[in-house]
Amino acid sequence: MPNTPRTNSKLKVDNRNSALLGDADAAIIGGGVVGCAVARRLALAGISVILLEKSADILDGASKGNSAILHTGFDAPEGSLELACIRSGYSEYLKIRESLNLPLLKTGALVAAWTSEEEERFPNILAKARNNGIDDLQLLSRQEVLVKEPAISANIRAAIAVPHEFVIDPWSAPLAYLSQAVANGGQAVFNAEVKGGEFFGNHWMLHTSRGSVKATHVINCAGLFGDLVDADVLGQSEFTIKPRKGQFVVFDKAAGSLVRSIVLPVPTELTKGIVIFPTIFGNLAVGPTAEEQESRSDASVNQEILQKLHTQAVSQIPALANIPVTATYAGIRPATENKEYRVVENAERNWITLGGIRSTGLTAALGLAQYVHKLLEKQGSKFKSLYKPVVPSVPNLAEHLPRDWQTSGYGEIVCHCELVTEREICEALTSSIPAGNLDGLKRRTRVTMGRCQGFYCSARLAELTEGKFAESLDIGACHD
Amino acid sequence: MTLGLVMTEIFKKEIVDVAVIGAGPSGLSAAITLKKLGIQKVVVLEREAEAGGVPRHCGHPPFGIREFKRVLTGPVYAKKIVETAQNAGVIIKLKTTVTMLGAGGELILTSPEGTMHMIAKRVLLTTGIRETPRSARLVSGSRALGIFTTGALQSMVYLKNRIPFRNPIIVGTEIVSYSALLTCRNAGIEPVAMLEENSCPSVRWPIYKLASWFGVQLFLQTKLVKILGQERVEAVEISAKNDPVQNIACDGVLFTGQYTPESSLARISHLELNPQTSSPEVDEFGRCSDPVFYAAGNVVQPSRDQAKVPIYYTNKNLPNPVEDAGQCWSQGRTTAKNIVKDLAGKLPSFSHQS
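Residues numbered from 1 in each chain as written. Chains lettered and ligands numbered in written order. Predicted model: local features only at pLDDT ≥ 70, side-chain atom pairs only at ≥ 80, totals over all residues. Heavy atoms only, no water.

Q: Account for the sheet that holds strand β12 (residues 217-219) of chain B, with residues named and values stated.
A: All names here are of chain B. Ordered by their spatial adjacency, five strands build an open sheet running β8-β16-β10-β11-β12, and the pairing between neighbours is parallel. Looking at strand neighbours, the two that pair on one side only are β8 (147-149) and β12, the edges of this open sheet. Taking the axes of each pair of neighbouring strands and ignoring which way they run, one obtains an average angle of 25° across the sheet. The strands touched by helix α5 (residues 150-160) within the sheet are β8 and β16 (252-255), with β8 carrying the most contacts at an inclination of about 90°. Across the sheet, helix α6 (residues 175-187) lies against β10 (168-171), β11 (193-195), β12 and β16, angled at about 165° from β11, the strand it touches most. (Pairing = 2+ DSSP bridges. Helix = DSSP H or I, 4+ residues; strand = E, 2+ residues; numbered from the N terminus. Axes fitted to C-alpha atoms, helices over the stretch in contact; angles between N-to-C directions. Contact = heavy atoms within 4.5 Å.)

Spelled out as C-alpha cells, the structure:
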C-alpha cells in the first residue's frame, strides 16, 4: 500500500518530480534530533524552513537509539564547540521543557570506579569538570555510594557524583521541536531524499525524490549520511562518517526502582563507555557498546554481545540477575575520523554542515540550533523573530508523570505492558507530525515496547493501523 | 482536571468479597465456585475488551473435555465459560486494568471511565502466562517486521482474520509450537521449517509428526543464529551442530513457547516472587506472601524439580510445563474452595516459607 503523501496541501506534487515542493529561507536536510532542533530555532527566528527527511518519519537514523541522557558537559572536550553547545542546549531544554510538556528525570549520575587505576583518574575528571564550568561534583566513598544506591555491588571502590546529569525522553523532545517549527509556519516533508542540487549564487535548488526545493540556505543535518550529502550536493566533504554501533539491553520496569542514578564508567580516550541508566519510561538499561562498522543502517543486535552487556550489568547491580529483559536494541552513531563535532560553514555557498554529532547530540541539539542561527545572522540575513510563537505540547510518556490512561475517556488500553491507550494511538496517527511508520508510532506512544513485545496487542494494533503505513504489521487476510 | 473531578476519582471506592484478576479459565472457574459456595460479591477484573482468556484465540480443539464433557474449539469454549460465570452471578468488569496491588487487598484500577480503588477481602491472581519474546531471548539480528509469538499470531488470525507472514520459520517444538503449526495451516500460512536446539522434539509421538504430515521440515540440534532483513524479515541464519551456518529464506520468525508467568503486577508489588520461576510464592493453599492474596492457574509455575511432566511432553526435553485450560479450570476451583474456607476462618493460619 503506498504511503499517503504528507506535503502541504497547497503545494502540487506530480510524479515527474518537476514541481516545486517548497520554497523557503532555509532547507534542513535530515529529521534527526539536530534537524528538528534547527527547524524549531530558525522558525522561531522568523526564518521560513522546510525540513527534508528521506524516511517516512523523524528519528529514523542515529537519533533512534541512544541513552537519553541530558548531559551537563562535565566530561566534554575542554574549550570545544561540543561543550558550548551542550551547555547552551542543556539550559535551553530546562527553560522550554515545561511549556512543551517535556519530562525530566532528576537522576544525577555516579562516575563509578571499580579498580584502583580508575580511581586514580578521579582528580583529572574533577579538574576537567571545573574547567568546563561544572563545580558541583562530589567525591563519594564506597560507604557513601552504598548508602545512596544500596543495589550497587559492594565491589565498587568510590564514585564521583554528578548531581545535574539527568534523563529525558529521547523521542518526545525532537518531536516537540519539530512540532513547534511546524506550528509556527515551518514545513516538514517525508520520504524526500535529497539526491542533488545546484547553487545559483544566492539560492539553492535541491532535488529530492519528491520534487525540487528552492532555499536560500541549506543546513545539512543528515547525520549518518552527512558526508555523502555534502559530497553529492555541495561537491566536497570535509569528513568521513565512520558508523559506530552501540547495543543496549533494557531490563523490566521492576528494575526501575533498584537504581536511581545514572551509573557511568570512568571514561577512556576512546569512548564514554558502558552506562547503566534509568529510562524516563521506568526501566533500567545498559549500553552502549562501541563497534566500528561499514554499514550506516545495520542496527542489528548480537547475542554474545547482549549477553556480555547483561553480565556486566549484573556484576555492577547484582539484583538484576532476577529481573527479566524487556528489550534489546542498537543505535548507530555518526562518528568521524576526528573526535570533535564537524561543523563546517561554507558562507559563499550558503551551506552549513552539522556533522559528527554523536551521543551528546540529544543535549547539544538545541545549542547547535542556536549556533546555526548566529551563523546565519552573521552572514547578514535579516529576520524578525516571532513575537508570540505558538507553543504546542507533546503527550507525556514518562512513567513518573501522569499518563493518558489516568484520565477517563481513553477508549481502551491497547498495550497492557506500557498502558498505551487507544486515544494515544489515534492522536499519534493524526497529530501535526503524525507517525509515518510503525517504529514512529512506537516512539510516540510506546505501544509494543513493553515486556511482552506485542504478545497481547499486535492484533489490535494491526487493526488500528490498517492502511496507515507503507509497511504494516500484517500482510493481508487469512485465506478462507 | 477540576478539583471536583479529583475528589470523585479519589472517593470511587468499591468494596467486594473477592476480586479475581484475569478472566481466563482459572479465574472464571474460581469465580463460579466462589458464587456457588455462597460468596456474595465476586468480581472478575479483565483488562481485555472480552472475557475468556487465551482460549479465545486458540481456534482449534481440544477444549472443554473435563469441564463440559465435549470437544470444543478454544473460542467456543471461551464463550461457554463466560456464559457459565455470568449465569452463576459473577460480575465481570471488562477493559478494567489493575495497576497496583496494595497491602491488605487494596487495588487500584483503571477503566475508560477513570481510575478507582477497590478493596477486596481476598484477591485471586489468575493472570496466566505468555511466551518469551525475541528480545528476552537475546536473539541476534535485525528488528524487522514479521517477528511474532504464537499468542500474537493466534490473536491476529482468529480475532482479526489477518496474517503477519506467509512463510515463517517456527522456533521451538513445545505443544504450543504445534498449536502454532495448526494455526498457520488454518490461515493459509506455509512455514518453511521448525527449529529445535535439542536432539529430539519436546513433545511425544505422534504430535511431532504433525510437522512432516504438513510438509514442514523439522531441524533438530539446530540453533537460530541471526534474523536478517531491513523492513521485513527476509531470511534467517541457522546452524546445526558442527555444520556451517546456513541461510534460509523466510518472511517471518515465530517464537513459540518458553512460557513465562504474566506476573508483572506481582513483581512491582509487595508480594514475594520465586526468582527461579518468576511466579508469586504460594503455600499449599495458593496463598501468597500477603495472605489476603491468592494465585492460581498458569501464573503459578511449579519449579522444575516439582513439576509433573504432562503426558504430551518427553521427560528429556521438558520445557516450562503449561497447564491446559482443563487443569487451570480445576486449579481455579480448588483455590476458590480454599478462599471460602479462609473467609470462614477455617484455613490453618498462615505460615509462609520462601
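Text resumes after the structure shown.
Q: So what's going on with the interface of chain B and chain A? Which residues, and what values?
A: At the junction of the two partners, chain B supplies 58 residues and chain A supplies 50 residues. In total, chain B and chain A occlude about 4,600 Å² of area from one another, counting both sides; carbon and sulfur atoms represent 55% of this. Among the residues of chain B in contact with chain A, Leu 138, Arg 162 and Arg 267 of chain B are the three that bury the most area, contributing 14% of the side total. The tally of links from chain B across to chain A stands at four salt bridges. Close ionic contact of Glu 471 of chain A with Arg 232 of chain B constitutes a salt bridge, the shortest N to O distance being 2.7 Å. Where chain B meets chain A, there are 21 residue pairs in polar contact (both at pLDDT 80 or more). Summarising the sheet, strand β22 (residues 476-477) of chain A and strand β9 (residues 162-163) of chain B pair through two bridges and their orientation is antiparallel. Note that in β9 of chain B the partner of Gly 476 of chain A across the bridge is Ile 163 of chain B. (Buried area = accessible area lost by both parts, 1.4 Å probe. Salt bridge = Lys/Arg side-chain N within 4 Å of Asp/Glu carboxyl O. Polar contact = N/O pair within 3.5 Å; in protein donor to acceptor, adjacent residues only side chain to side chain.)

Q: Would you mind going over helix α9 (residues 361-378) of chain A in detail, with residue names and values included?
A: All names here are of chain A. An ideal rise of 1.5 Å per residue puts 26 Å on 18 residues; α9 measures up with 24 Å between its terminal C-alpha atoms. The sharpest bend along α9 comes to roughly 25°, located at Gly 367. Burial within α9 is extensive, with 13 of its 18 residues counted as buried. Positive phi shows up at Gly 380, right after α9, with a value of about 95°. (Expected span 1.5 Å × (residues − 1). Bend = angle between axes of the 7 residues up to and from the residue. Buried < 20%, exposed > 50% of the residue type's maximum accessible area, 1.4 Å probe, protein only.)

Q: So what's going on with the side chain of Gln 303 of chain A? Which residues, and what values?
A: On the secondary structure map, Gln 303 of chain A appears in helix α8 (residues 303-316). At 2.9 Å, the side chain of Gln 303 of chain A forms a polar contact with the side chain of Lys 223 of chain B. If sequence neighbours within four positions are ignored, Gln 303 of chain A has contacts with Arg 137, Leu 138, Val 139, Ser 140 and Lys 223 of chain B.

Q: So what's going on with the packing of α5 of chain B against α6 of chain B? Residues and values would help.
A: Residue and element names in this part refer to chain B. α6 packs onto α5 with a crossing angle of 30° between their chain directions and a minimal axis gap of 10 Å. In terms of their interaxial angle, α5 and α6 are classed as roughly parallel. Seen from above, α5 lies across α6 with left-handed handedness. On α6, the residues that touch Thr 150, Leu 153, Gln 154, Val 157 and Tyr 158 of α5 are Val 176, Ser 179, Ala 180, Thr 183, Cys 184, Asn 186 and Ala 187. For the contact of α5 with α6, the residue count by class is seven nonpolar, five polar and no charged. (Parallel < 35°, antiparallel > 145°, perpendicular 65-115°, else oblique. Left-handed = near helix turned anticlockwise from the far one by under 90°. Nonpolar A, V, L, I, M, F, W, Y, C, P; charged D, E, K, R; others polar.)

Q: So, the sheet that holds strand β14 (residues 235-240) of chain B: which residues are in play, and what are the values?
A: Residue and element names in this part refer to chain B. Spatially, the three strands line up as an open sheet ordered β13-β14-β15, and their pairing is antiparallel. The open sheet is flanked by β13 (222-228) and β15 (246-249), the only strands paired with a single partner. Between one strand axis and the next, the sheet turns through 30° on average, direction left out of account. With four bridges joining them, β14 and β15 adopt antiparallel strand pairing. Bridged to Ile 238 within β15 is Gln 246.

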